[in-house]
Amino acid sequence: MAETDTHAAPVAGPAQRRGRNLSLRRLAPVLAGGILLLIVAAALLAGALAPHDPLQMMPSQRLKPPSEAYPLGTDAFGRDLLSRILYGARISLMVGVGVTVITVAVGLPLGLLAGFFRTLDSVLMRIMDGMMAIPSLLLAVAIVSLSGASIWTVLMAITIPEVPRIVRLVRSIVLSAREEPYVEAAISLGSSLPRILRRHLMPNTLAPLIVQGTYVCASAILTEAILSFLGAGISTETPSWGNIMAEGRMYFQIRPSLIFWPGLLLSVCILSINLLGDSLRDILDPRLKQRGAER
Amino acid sequence: MSAPILSVRDLVVGIGPDAASPIVLDGVSLDIAAGETLCLVGESGSGKSVTSLAVMGLLPRGALVARSGRVLLEGEDLLAADRRRLRALRASRMAMIFQEPMTALNPVMPVGRQIDEVLRAHTSLTPAERRRRVLSMLEQVHLPDVARVFASYPHQLSGGQRQRIMIAMALILEPKLLIADEPTTALDVTTQKEILRLVHELQEKQGTSVLFITHDMGVVAEIADRVCVMHQGTVVETDTVDAILRAPRKDYTRRLLSAVPSLTPRAPRPVASAEIVLETVELGKVYARRRFLRRAEETVAAEAVSFALRRGRTLGIVGESGSGKSTVARCVMRLVDPTAGAIRVKGRDISSLSRSALQPHRKRIQMVFQDPYRSLNPRVTVGESIAEGPTNYGVPRDAAFARARSLLEIVGLPPDAITRYPHQFSGGQRQRIAIARALAMEPDVLVADEAVSALDVSVQAQVLALLDDIQERLGVSLLFITHDLRVAAQICDDIAVMQKGRIVEYGAASEVLTAPRQAYTRQLLDAAPGRDWDFARFMPREPAAPAAAPVADVAKPSGGH
Amino acid sequence: MPGYLLRRILAAIPVMVVVAVFVFLLLRLTPGDPAAVLAGDMATPEQLARIRASLGLDKPVIVQFVSWIGQLLRGDLGTSLISQTPVTTLIAQRIEPTISLALLTLLLSILIAVPLGVLAAWRHGGITDKAVMSFSVLGFSVPVFVIGYILIQIFAIDLKWFPVQGFRSISDGIGPFLQRATLPSLALASIYVALIARMTRASMLEVLGEDYVRTARAKGLRETAVLFRHALRNAAVPIMTVIGTGFALLISGVVVTESVFNVPGIGRLTVDAILARDYPVIQGLILLTSALYVLINLVIDLSYSLLDPRIRY
């Protein structure tokens, strides 16, 4: 084992090479974070910001164009679009955060154990393979149609197909980390298994987990919108972005804004989370940058 | 000297195109005459590989940029040449072979096609003619059964064969200049010897000039006409090989040569204690790969390995890759479970103890790993790393840290190292930390698995001196695994030579290295490059007289099998 | 090689078993009475009993499982609660548009994404790279139905290049088919292109740092030969993998896209089943698409050994 001196020589990263792009790289996460903060604030303050009751129907005001009273116009039942979008943010964020937390809470311990115990690993991974073979949207649709359209059902329906991804991620990191000489050194030093897991293996999973968490969050918000759009989401009275768009479909040619505004907000929200995830990945683990995280 | 084939003048290479950023080559100049071998030597970071890549125009794009100077190949400035011209020159006028023949060949393409590509890119021969030429080139590099090799993938060939393929690829168009970047470093000594001979043979035949990059003074002594010593991006001195080895003018060259360990074994040390701290009896390890719907494949990694290590002594296990020397180390550490035989630590057999029953015995044997960049957890401070072991055995945290501090002093690191992280240290310093971590357990035996192989010679010499010093002060026994006979000669009292999982020769270092009884040991010694030179004394080595050391200090002499 | 083939095929069986057990348990372990949920609020006790019987919920669990597996092995995916037609028949009637749409999308995605990914990796850090990466983040973030409606607004309503909705079978001629399938395929391709381009770039970046790429350059090969003959083939395994696992995304996308563009395929069948709470149809679709997923990934698995001679275990 000898070294080639090209490796020893300091090699500039792309960021070092292009000063101008450096600012762009920093700007993207700041911008994304700012937008997310705005959306969170809008969701929390929906009650104060919304000009109308999002549920109140005004048959005389159906499908109105934007006006002073209705800044974004009204829907087919004469409800204020802006108010409905503001309240809709609550659902999206709740689903995004909820799914992420549950997925990580279940996936992390399973992945750690699978990475360390061969027998458990082979059984658990067969189950995870099977779960990953089921298209997540169809699985979610099935769960929602079986147990009714409450927000909890939707949360579960989105969470279950996401879990195997986290388990696989954590497991693969543990599998490669346990081959590291420093883990062997810890074994030689008489460290107990829980200690090795906690101290030498878990920290390795943290950065990829945070990054993957943002992707889970984005994907959950997207899936919730799709479920609602297909009529398999939370009940249609609740103003969620997907529901607003599902109702707007029939009037798309007359009033495209019914799909445009919630669609735009949804896209911007997911985009911001993804951008934040990409930047986190670059910051937390430069090695991951090359690999591209699992999707 | 007639007009040189290659002439590098005041070459400056910097990081990125920005003139303000640091430079890695600072005004390098060298010449190579027709048919000559110039060895470029230096430690890591000296810029020797960057120089070769700059000549080929292969510097990583955007990351390293040639800022000024000239690179003249037969008078033509390569730095001024455009891409198309450079492409035309590569392989036809200048060619290159690399360190790792496994990774330097495309794993998914048959090797014959990879050589054929050179002809396709640079000649207008018909497919039949090209095939004929490739096959004839394969014969010239002495590969057997060339038609089969032509259709083989790299993974189906041995390391030596792969390097022969690389050489065939490089020399098929008979270029004027061959650049060889550490081409034998990844190979075993016996293979290295054959490859060096092959390069020399083809060089004679084709009249090629060779720029040979190496860190190994032994190789330099074997093949160089002239030597160019590099250090931190500059040329220290350039001279004939004899002048460099006998009378170096510069301090740096003297220091570099002085650090090269001698093949002459150390003077025998008296046996201080008769206590055997570690003993293996007929130790064996068979790897069985069970495959679904297929018979289990068995690989014998170690077989009937018996040795004994006394308190305060150093036993070296030497052998080429695949000899099973690391398997033995890992069995002794119980990082893998042996499949046969016994491992006695202070008389107690630990070979089949359960995880929990093993716990009290673990601390008696500690290990120093090969790669200091991977054996320390990058997220844990040096102090925590060293204190981890003792705290596992109930030492209070404060006491463990106090011990860590004193150990850092013993291994020659400043006390403030305790709160820092591994990435803040160099490779040699990290290996010192790893040694301190092992010593924190107050072990009876320290297993060092190629512990100095990844280090530059000067650092290597310091770490070897440290190990010696520690042994003196603490009376610890060393089980030293290495492929490097020079290193073994400098540190070992006894040596066991392993081949194909078995110990073929076992005895006092002075005997094994000077009067080997087994053909394989002789072959190894014979292949050691520069075996006739004593670099540190700047003169050829005297033919060593068989040592008069008594055989009695070998606990269990055993002949070959 | 035949041994390798057989082992891979046998390895796919436990995955399918897990899928079957999982789908079976889904109905049985759902808290509450799924029959009541499926029947809706207005159901009479007779209707409820009929649904239970039709789902087989009125027998002991073991009996249910054995008879259910038996049905599956005979290729019986159950019967629709609404039309009383076998689910297999319903699917057979709707499969053609979906398959032609999916294949067109796959073709389109690979043709667009792979060269983009290669280019981005080759010009790592440059403007092309940034553009490709930005496009790929967008592809992940904008929901397929939003893209669908944007495409309809621009190309169908404003520019009138394509009809707004509808579908024509490929047997009606390639022209009419493409006229109606292009927009849905583009919408569907957005996320797939993003996925494949990103993976191609990542995999190529890794491979371009390998020694054999340097060797290829040292041989004086043209850059296109270096990129495509040497690098891409080595980078292919992760790209193939992501194409396989991305199939699950494609299924979700198809369901949504078909309902946006009013294509009478499997996706519409799904949406209709959701609205009618026709669980056997949803269950049958899950089983079918999962089997398809396993099959596709098996084929991709087998293709690895063609791409990389080292994989022959």
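In case you missed it, the structure is sitting above this.
I will try to describe carefully the structure that is included in this document. (Residues numbered from 1 in each chain as written. Chains lettered and ligands numbered in written order. Predicted model: local features only at pLDDT ≥ 70, side-chain atom pairs only at ≥ 80, totals over all residues.)

**Quick notes on the overall build of chain B**
Put simply, the rule is: Runs of E in the DSSP output that reach at least two residues are strands. Runs of H or I that reach at least four are helices, and both are numbered from the N terminus. Radius of gyration here is computed from C-alpha atoms only, and the compact-globule reference equals 2.2 Å multiplied by the residue count raised to the power 0.38. Put simply, a residue is buried when 20 or more other C-beta atoms lie within 10 Å of its own C-beta and exposed when 12 or fewer do; between those, it is partly exposed, and each C-beta is set from the backbone. Our contact criterion uses C-beta atoms placed from the backbone: two residues qualify when those atoms are within 7 Å.
In terms of regular secondary structure, chain B is built from 20 helices and 22 strands. Relative to the 2.2 N^0.38 estimate, which gives 24 Å for 561 residues, the radius of gyration of chain B is 26 Å and therefore close to what a compact globule would have. Principal-axis analysis of the C-alpha atoms places the extent of chain B at approximately 70 × 55 × 55 Å. By the burial criterion, 50% of the 561 residues in chain B qualify as buried. Taking all contacts inside chain B whose residues are at least 6 apart in sequence as the whole, residues at least 24 apart take part in 71%.

**Brief notes about the interface of chain A and chain C**
Applied cut-off: Under the grouping applied here, Gly and all other residues not named as nonpolar or charged are polar, the nonpolar ones being Ala, Val, Leu, Ile, Met, Phe, Trp, Tyr, Cys and Pro and the charged ones Asp, Glu, Lys and Arg.
Counting residues at the interface gives 44 residues for chain A and 50 residues for chain C. Here the residues of the side of chain A that touches chain C are counted per class, giving 26 nonpolar, eleven polar and seven charged.

**Comments concerning the environment of A114 of chain A**
Residue and element names in this part refer to chain A. Inspection of the secondary structure puts A114 in helix α5 (residues 81–116). On the neighbour-count criterion, A114 (23 C-beta atoms within 10 Å) is buried. The spatial distance from the C-alpha of A114 to the C-alpha of S150 is 33 Å, given a sequence separation of 36 residues.

**Re the sheet that holds strand β2 (residues 23–32) of chain B**
Residues and elements named next belong to chain B. Short version of the rule: Any two strands are treated as partners once DSSP identifies two or more bridges connecting them. An axis is simply a line fitted to the C-alpha atoms; with a helix, the fit covers only the stretch in contact. Between two such axes, the angle follows the N-to-C directions and lies from 0 to 180 degrees.
Spatially, four strands are ordered β2-β1-β4-β5 in an open sheet, and the strand pairing comes out antiparallel. At either end of the open sheet lies a strand with only one pairing partner, and these are β2 and β5 (76–77). The strands that helix α1 (residues 48–56) touches are β1 (6–15), β2 and β4 (64–73); relative to β1, the one it contacts most, it runs at about 110°.

**As for the interface of chain B and chain C**
Opposite the 27 residues of chain B that make contact, chain C presents 21 residues. If you list the elements that add at least two residues to the side of chain B that touches chain C, you get α2 (83–89), β6 (94–97), α3 (101–104) and α4 (111–122) of chain B. For the side of chain B that touches chain C, the element with the highest residue contribution is α4 of chain B, accounting for four residues. A per-class count over the side of chain B that touches chain C returns 17 nonpolar, five polar and five charged.

**Let's talk about unusual backbone geometry**
All names here are of chain B. Within the chain, R334 stands out as a residue other than glycine whose phi angle is a positive 60°. Mapped onto the secondary structure, R334 falls in the loop between α12 (325–332) and β14 (340–345). For R334, a count of 21 C-beta atoms within 10 Å gives the class buried. Residues other than glycine seldom take positive phi values, yet E442 does so here, at roughly 50°. With respect to the secondary-structure elements, E442 resides in the loop between α16 (427–439) and β17 (445–449).

**Observations regarding the pairing of β6 of chain B**
Residue and element names in this part refer to chain B. Every second residue of β6 is oriented toward a common face, with M94 and M96 on one face and A95 and I97 on the other, all of them buried. Where β6 and strand β7 (residues 177–181) come together, four bridges link them in parallel fashion. Looking across to β7, one finds that M96 is bridged to I179.

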